[in-house]
Amino acid sequence: MKKWLIPVIALVVIAFGLYRWAVGFNNNAVRYQEDAKTAWANVESSYQRRNDLIGNLVKTVQGAADFERNTLKEVIDARAKATSTTIDANNLTPEKLAQFQQAQTGLSSALSRLLVTVERYPELKANQNFLELQSQLEGTENRINVTRDRFNEAVNKYNQHIKTFPNKILAGWFNFEEMVRYQADPGSEKAPDVDFDF
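Remember, predicted model here, so these are calculated numbers, not experimental data.

J.: I'd like a description of unusual backbone geometry, backed by residues and values.
T.: For the bond from Phe165 to Pro166, the omega torsion is 5 degrees, close enough to zero to count as cis. Within the secondary structure layout, Pro166 lies in the loop between α5 (128–163) and α6 (167–173). Positioned with a positive phi, Asn175 is a non-glycine residue whose angle comes to about 60 degrees. Classification of Asn175 by relative accessible area gives exposed; the value is 63%.

Next comes the structure, spelled out in structure tokens:
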């Protein structure tokens, strides 16, 4: 009577251990995945702040009657493209992230050209609104960098959790897939040419 009880108890203990492991893995994976999605939302929020500031900057610069309209139009068009390119945190594919990054890079380039062009306009460089907006943009660029780094850290934690053994086995069963990291723009490893001749 007692001999059959030992294997049953052993099976119950093993089954309970496997259940606890699966529940623990799932709960941690969900938590890490949600942390990464929140970090992505913070990246988008930082970019949105930049877009809002650029709108105010454009209005300030438009007040300079003889300012280059083509440069201003490039910034306005790039801002429109950047604000229309968004990604659902549940669908962060490498292709969509590259598209988002390309739109943001286009806006950064147009904004850089605008700020270089402003150097030719002493009345704009002395405008208090312009100077405040320029300072806020610099702070926002720093915030963007910090939020991208935090996003990558959150993704890294999640990816490590689902890719390490034996968690990798459960990740497939529970449909947890690797998330993509935010990467540097192609060519950003090269130092830019700086030309001070206007």
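J.: Provide a residue-level description of the packing of aromatic side chains, including the pertinent values.
T.: Scanning all chains against the criterion turns up seven aromatic pairs. What links up through ring pairs into an aromatic cluster is the set Trp40, Tyr47, Phe100, Phe151 and Tyr182.

J.: Give a detailed account of the packing of helix α2 (residues 69–84) against helix α3 (residues 94–118), specifying residues and quantitative values.
T.: One can describe the packing of α2 onto α3 by two numbers: an axis separation of 8 Å at closest approach and a directional angle of 155 degrees. Relative to α3, the element α2 lies roughly antiparallel. Between α2 and α3 the crossing geometry is left-handed. Contacts between α2 and α3 pair Thr71, Leu72, Glu74, Val75, Ala78, Arg79, Lys81 and Ala82 from the former with Ala103, Gln104, Gly106, Leu107, Ala110, Leu111, Arg113, Leu114 and Thr117 from the latter. Each residue belonging to the contact of α2 with α3 can be placed in one class, and the counts come to nine nonpolar, four polar and four charged.

J.: Outline the environment of Ala110, supporting the account with residue identities and numerical values.
T.: Relative to the assigned elements, Ala110 resides in helix α3. Relative accessible area serves as the criterion here: at 2%, Ala110 is assigned to the buried category. With 33 residues separating them along the chain, Ala110 and Asp77 place their C-alpha atoms 9.1 Å apart. When sequence neighbours within four positions are dropped, the list of residues in contact with Ala110 reads Glu74, Val75 and Ala78.

What counts and what doesn't
Residues numbered from 1 in each chain as written. Predicted model: local features only at pLDDT ≥ 70, side-chain atom pairs only at ≥ 80, totals over all residues. Heavy atoms only, no water. Helix = DSSP H or I, 4+ residues; strand = E, 2+ residues; numbered from the N terminus. Buried < 20%, exposed > 50% of the residue type's maximum accessible area, 1.4 Å probe, protein only. Phe/Tyr/Trp six-rings, centres within 6.5 Å; stacked < 30°, edge-to-face > 60°. Axes fitted to C-alpha atoms, helices over the stretch in contact; angles between N-to-C directions. Parallel < 35°, antiparallel > 145°, perpendicular 65-115°, else oblique. Left-handed = near helix turned anticlockwise from the far one by under 90°. Contact = heavy atoms within 4.5 Å. Nonpolar A, V, L, I, M, F, W, Y, C, P; charged D, E, K, R; others polar.

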